[in-house]
Amino acid sequence: MALRRVSKKSIELGLWHSHGLVREFSTFSLPNLPYDYWALEPVIMTEIMKLHHQQHHQSYVTNYNNALVRLEHALTMADSPTIVRLQSAIKFNGGGHINHSIFWKNLSPVKELGGEPPKPSLGSAIDRQYGSLDALIQKVNAEGAALQGSGWVWLALDKERKQLSVETTADQDPLVTEGSALVPLIGIDVWEHAYYLQYRDVKSNYLKNIWKVINWKYASEIYEKECP
Amino acid sequence: MAIPVAFSASSSPTCTVLPRQGLPGILGSPRPLQWTKKEVCTLLYRRCRRKIGFMVTAKFDLKPPPYALNSLEPHMSQETLEYHWGKHHRGYVENLNKQIVGTELDGMSLEDIIIVSYNKGDLLPTFNNAGQIWNHNFFWESMKPGGGGKPDGDLLKLIERDFGSFEKFVEEFKSAAATQFGSGWAWLAYKANRLEVGNAVNPRPSDEDKKLVIVKSPNAVNPLVWDYSPLLTIDVWEHAYYLDFQNRRPDYISIFIEKLVSWDAVSSRLEIAKARAAEREREEERKKKEEDDKMADGETAEMYVDNETDDSEVE
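Predicted model, so just to flag it, every value in this text is computed and none were measured.

Section: the overall build of chain A
From N to C terminus, chain A includes eight helices and five strands. Ordered by position from the N terminus, the helices and strands of chain A form the series β-β-α-α-α-α-α-β-β-β-α-α-α. A burial count over chain A gives 51% of its 228 residues as buried. Within chain A, residue pairs in contact and separated by at least 24 positions form 66% of the contacts whose partners lie at least 6 positions apart. Carbon and sulfur atoms form 54% of the exposed surface of chain A, whose accessible area is close to 11000 Å².

Describing the packing of aromatic side chains
Considering all chains together, one arrives at 26 aromatic pairs over all chains under this definition. A ring pair is formed by A:Phe28 and A:Tyr64, whose centres lie 5.0 Å apart and whose planes are at 25°; its orientation type is stacked. With A:Phe28 in the loop between β2 (23-26) and α1 (46-76) and A:Tyr64 in helix α1, the pair connects residues that are 36 residues apart, well separated along the chain. Assessed through its relative accessible area of 13%, A:Tyr64 is described here as buried. Centre to centre, the rings of B:Phe169 and B:Phe173 are 5.8 Å apart; their planes meet at 35°, and the pair counts as tilted. With B:Phe169 and B:Phe173 both in helix α6 (residues 166-178), this residue pair falls four residues apart, about one helical turn. Like B:Phe169, the residue B:Phe173 is buried in the burial classification. Feature note: the residues B:Trp134, B:Phe138, B:Phe139, B:Trp140, B:Trp185, B:Trp187 and B:Phe256 constitute an aromatic cluster, connected by ring pairs. The ring of B:Trp85 carries B:Arg90 above its face, with NZ or CZ at 5.4 Å from the centroid. The lysine or arginine in question, B:Arg269, covers the ring of B:Phe138, its NZ or CZ lying 3.6 Å from the ring centre.

Topic: the UniProt feature "domain: Manganese/iron superoxide dismutase N-terminal" (unreviewed entry) in chain A
UniProt feature "domain: Manganese/iron superoxide dismutase N-terminal" (unreviewed entry): in the numbering of this structure it lies at residues 27-108 of chain A. Taken as a whole, residues 27-108 of chain A contains 70% helix and 0% strand, while its terminal C-alpha atoms sit 27 Å from one another.

Thoughts on the interface of chain B and chain A
Buried accessible area, meaning the area lost when the parts come together, often serves as the stated size of an interface. With 16 residues of chain B at the interface, the matching set in chain A holds 17 residues. Summing both partners gives a buried area of about 1700 Å² for chain B against chain A, and 56% of it is carried by carbon and sulfur. Ranking the residues of chain B by area buried against chain A places B:Phe181, B:Glu238 and B:Tyr242 at the top, with a combined share of 36%. One salt bridge connects A:Arg200 with B:Glu79, and the closest N-O pair in it is separated by 2.5 Å.

Some points on the UniProt feature "domain: Manganese/iron superoxide dismutase N-terminal" (unreviewed entry) in chain B
Listed under "domain: Manganese/iron superoxide dismutase N-terminal" (unreviewed entry) in the UniProt record, and renumbered for this structure, are residues 59-143 of chain B. Counted over residues 59-143 of chain B, helix gives 55% and strand 0%. Its end C-alpha atoms are 26 Å apart.

Some remarks on helix α5 (residues 153-163) of chain B
Residues and elements named next belong to chain B. Looking only at α5, the buried set comprises Leu155, Leu156, Leu158, Ile159 and Phe163. Projected down its long axis, α5 shows its buried positions confined to an angular sector of 165°, all on one face. In the segment just after α5, glycine 164 is the residue with positive phi, at about 100°.

A closer look at the UniProt feature "domain: Manganese/iron superoxide dismutase C-terminal" (unreviewed entry) in chain A
Per the UniProt annotation, the sites labelled "domain: Manganese/iron superoxide dismutase C-terminal" (unreviewed entry) are residues 119-221 of chain A. The span residues 119-221 of chain A is 42% helical and 23% strand by assignment, and the distance between its end C-alpha atoms comes to 9 Å.

Focus: the nonpolar core
Residue and element names in this part refer to chain B. Counting 71 residues, the largest nonpolar core has Phe169, Ile234, Tyr252 and Phe256 as the members making the most contacts within it. At seven residues, the largest contribution of residues to this core is made by helix α4 (residues 127-141). With residues near it in sequence (within four places) discarded, tyrosine 252 still touches Met76, Phe139, Ile234, Asp235, Val236, Ala240, Tyr241 and Phe245.

Structural notes on the sheet that holds strand β3 (residues 229-235) of chain B
All names here are of chain B. Within the open sheet, the three strands sit side by side as β2-β1-β3. Their pairing is antiparallel. The open sheet has two free edges, formed respectively by β2 (211-218) and β3, since each of these has just one partner strand. Sheet twist, expressed as the average angle between the axes of neighbouring strands with direction ignored, equals 20°.

Section: the confidence of the model for chain A
Close inspection of predicted coordinates is inappropriate for parts of the model with low pLDDT. Averaged over every residue, the pLDDT of chain A is 91; the share at 70 or more is 89%. Of the regions scoring below 50 in pLDDT, residues 1-22 of chain A engages in 37 contacts with residues more than four places distant in sequence or in other chains.

So, the side chain of A:Asn65
Residues and elements named next belong to chain A. Within the element layout of this structure, asparagine 65 appears in helix α1. A relative accessible area of 13% places asparagine 65 in the buried class. Here the side chain of asparagine 65 touches phenylalanine 28 through a polar contact of 2.7 Å, landing on its backbone oxygen.

As for the confidence of the model for chain B
Residue and element names in this part refer to chain B. Scored by pLDDT, chain B has a mean of 82; 72% of the residues are at 70 or more. pLDDT under 50 marks residues 48-53. Its contacts with residues more than four places away, or in other chains, come to six contacts. In the model output, the complex is listed with pTM 0.82 alongside ipTM 0.88.

A look at the pattern of salt bridges
What the rule picks out here adds up to 21 salt bridges over all chains. Here A:Asp158 and A:Arg161 are joined by a salt bridge, their closest N and O atoms 3.8 Å apart. Accessibility expressed as a relative area gives 59% for A:Arg161, which makes it exposed. Its salt-bridge partner being B:Arg161, residue B:Asp162 comes within 2.8 Å of it at the nearest N-O pair. B:Asp162 sits in the partly exposed class, given a relative accessible area of 24%. Overall, the relative accessible area of 44% leaves B:Arg161 in the partly exposed class. Beyond isolated ion pairs, a larger network of salt bridges with shared partners links B:Asp154, B:Lys157, B:Glu271 and B:Lys274.

Analysis parameters
- Residues numbered from 1 in each chain as written.
- Chains lettered and ligands numbered in written order.
- Predicted model: local features only at pLDDT ≥ 70, side-chain atom pairs only at ≥ 80, totals over all residues.
- Heavy atoms only, no water.
- Helix = DSSP H or I, 4+ residues; strand = E, 2+ residues; numbered from the N terminus.
- Buried < 20%, exposed > 50% of the residue type's maximum accessible area, 1.4 Å probe, protein only.
- Contact = heavy atoms within 4.5 Å.
- Areas by Shrake-Rupley, 256 points an atom, 1.4 Å probe, with all protein chains shown as cover.
- Phe/Tyr/Trp six-rings, centres within 6.5 Å; stacked < 30°, edge-to-face > 60°.
- Lys NZ or Arg CZ within 6 Å of the ring centre and 35° of its normal.
- UniProt positions renumbered as here; feature names shortened; annotations may be inferred.
- Buried area = accessible area lost by both parts, 1.4 Å probe.
- Salt bridge = Lys/Arg side-chain N within 4 Å of Asp/Glu carboxyl O.
- Arc of directions from axis to C-beta.
- Core = buried A, V, L, I, M, F, W, Y, C linked by side-chain atoms within 4.5 Å.
- Pairing = 2+ DSSP bridges.
- Axes fitted to C-alpha atoms, helices over the stretch in contact; angles between N-to-C directions.
- pLDDT = per-residue confidence, 0-100.
- Polar contact = N/O pair within 3.5 Å; in protein donor to acceptor, adjacent residues only side chain to side chain.

Dropping the structure here:
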């Protein structure tokens, strides 16, 4: 069960503004996984899930929060150089938090929803656009394999044109950097930390196997919300 | 997989003919190598065929590190070397060879392929493989069993001049390596006669312009594309450290500096870089003098001819 704990910290900033404003500043927290660390075995091993969630995702959250606190202060001080300088840390760590939060929901143990094909409306959209689910999977895997360095491969929905597309983003860039109308349905992390301990240099095996634990129900819900 | 034997550095080489990759451009440290008779014959045969204009595929070879794959233990495991060199590095070599066959890149040196494929930032498909081959060759040679410690001589002097102290240099290098977001590399490089902007040549070069810099680069990019001379590198792609350190990149970086760096290699690269910079300076001075001489000869023809009419607005 996914429980997002969001703590609200009120930071009273010592003020310029005559109104005596108190700013509400929400920091972000690491979301719980909707399943146990071992639940995606043998597709994704326990050790990877633990490191990925408790170390990598946690560190994005921590650094994101730090950058936001510094941004808040810089905004108050009207310190433009610092405001601008913080953008890359915000993009990287904030993007990491966004992407991984989606990723945990994209996955589900095989005995629950993992691997079950998408429901009718998304399923038929996929068939219409790609011919078949298999064809889509081939395309996603090809794009993921071809991505050089670190990044993500996405099944995206353009909510304005009501069209699906396969996209890639570099590093921790969220999908929206490829197009403001793009909504992520499925994202697959192809950073080496996502698979290296188990699959080593054979990224293609990771991509082949991950579909066994992909949670199409979640993707379908997002799709139906945007394309009722 | 057979563990390659470390090359002997003692006896004189049996031949002076080196494969394109055996001498990694003028920037690599010259290593005395002992070639077998068979290797020499293969090389001479290949060169001969190329000269006569036969249809030869000029393939790159996977160069082994100058030490056995288990000799960096416990700081960098044999397993890491087996995958990192045996799979990743090998993959780049095989893929580049496939990509260049029959193209105009076939037969070019690795450095030239890198510069051409960099294409001023609009990367061509061969860039990733070519860059990564060069980077990994350079990386293996940046380390040695029993490495670490401190540099000495000219290198230490320059480090102290340009960073304040060796400790400050280490701090800055570690920070660069830790903050390269995503995959990439951190470098110590020698920068000479270049202005800060756009690789322009400094019209008034001085010794102060020649300095050591720390830079970081994403994915396969390396300082050759900025016309710097690389001296030292650390690979911060996750595959370089994940088996040994998992997410703990800062620990990997510390171990690299404390236990693995070959300061000898860095020093000899610095000497080559300084010599290269001096040679270029002489070349640029010579060119400038030639141009000045040409200008002086054609001066009367080039001169601005005064207009007869009075353009002055003053009445």
